[in-house]
Amino acid sequence: MSLFRFIILTGLVFPSISWSLCVTASQANLRAKPSVNSKKLWTVGKYMPFIELDYKGGWYFVKDLEGKKMWIASGLVTDKIDCAVIKVSQSILRKGPGTEFGKTALTVGHKYLPFKKLQREDAWLYLQDDYGFKHWIYEKNLWEPLEYTSLTY
């Protein structure tokens, strides 16, 4: 097989992949351009997830749960932690994976509350907030930064 053919076939079999990133800092600023002098668009807390779109000079170009695109300094995020964020106006935080379990002490989480993913059981995720408290949340109430690429021929 020629090198050209191998490159073409590899491109079809292994399409471009977008990676998920998770904020590791207690507070992170997202900016309009890849510079600390650029306009600040949003400030988020630990475990906020994003999809990586590009990388340039120590900055990631990312997309959030609503599709907004911004820049974040690379030292504030990692691809080593799986994160999720509440995408609905509010979600009940449970002690176990199901509606038969009671609420945790926090009882309800609001939109944009981020978490570190710990485990999955059926349609429920066991999550940890930035204070270390753990909760179960129904997966349809969460945004997990997964980007799927489709192939066209």
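Parameters and conventions
- Residues numbered from 1 in each chain as written.
- Predicted model: local features only at pLDDT ≥ 70, side-chain atom pairs only at ≥ 80, totals over all residues.
- Heavy atoms only, no water.
- Core = buried A, V, L, I, M, F, W, Y, C linked by side-chain atoms within 4.5 Å.
- Buried < 20%, exposed > 50% of the residue type's maximum accessible area, 1.4 Å probe, protein only.
- Helix = DSSP H or I, 4+ residues; strand = E, 2+ residues; numbered from the N terminus.
- Disulfide = S-S within 2.5 Å.
- Salt bridge = Lys/Arg side-chain N within 4 Å of Asp/Glu carboxyl O.

A. Representation of the nonpolar core. The biggest cluster of nonpolar side chains holds 16 residues, and the ones touching the most others in it are Val-23, Leu-30, Val-44, Phe-50, Val-62 and Ile-72. Counting only elements with at least two residues in this core, the list comes to strand 1 (20-23), strand 2 (27-31), strand 4 (49-56), strand 5 (59-63) and strand 6 (69-73). With eight residues, the next largest nonpolar core counts Phe-115, Leu-125, Leu-127 and Ile-137 among its residues.

B. Quick look at the state of the cysteines. Evaluation of the coordinates by the stated rule reveals one disulfide. A sulfur-sulfur distance of 1.7 Å marks the disulfide that ties Cys-22 to Cys-83. Given an S-S torsion of about -60°, the disulfide between Cys-22 and Cys-83 has left-handed geometry. Here Cys-22, found in strand 1, pairs with Cys-83, found in strand 8 (residues 83-86); they are 61 residues apart in sequence, far enough to count as distant.

C. Molecular detail of the environment of Ile-51. Looking at where Ile-51 falls in the secondary structure, it is placed in strand 4. Distance from Ile-51 to Leu-21, taken between C-alpha atoms, is 6.0 Å for residues 30 residues apart in sequence.

D. Focus on the pattern of salt bridges. According to the stated counting rule, one finds six salt bridges in the structure shown. Between Asp-79 and Lys-80 there is a salt bridge, and its shortest N-O distance comes to 3.4 Å. Look at Asp-79 and you get partly exposed, because its relative accessible area is 45%. In this structure Lys-80 comes out as exposed when scored by relative accessible area, which is 71%. Two residues, Glu-144 and Arg-120, come together in a salt bridge whose shortest N-O distance is 2.6 Å. A residue pair is termed long-range when its members are at least 10 positions apart, and Glu-144 in the segment after strand 14 (142-143) and Arg-120 in strand 11 (residues 114-121) qualify at 24 residues. Sharing partners across several salt bridges, the network here consists of Lys-117, Arg-120, Glu-139 and Glu-144.

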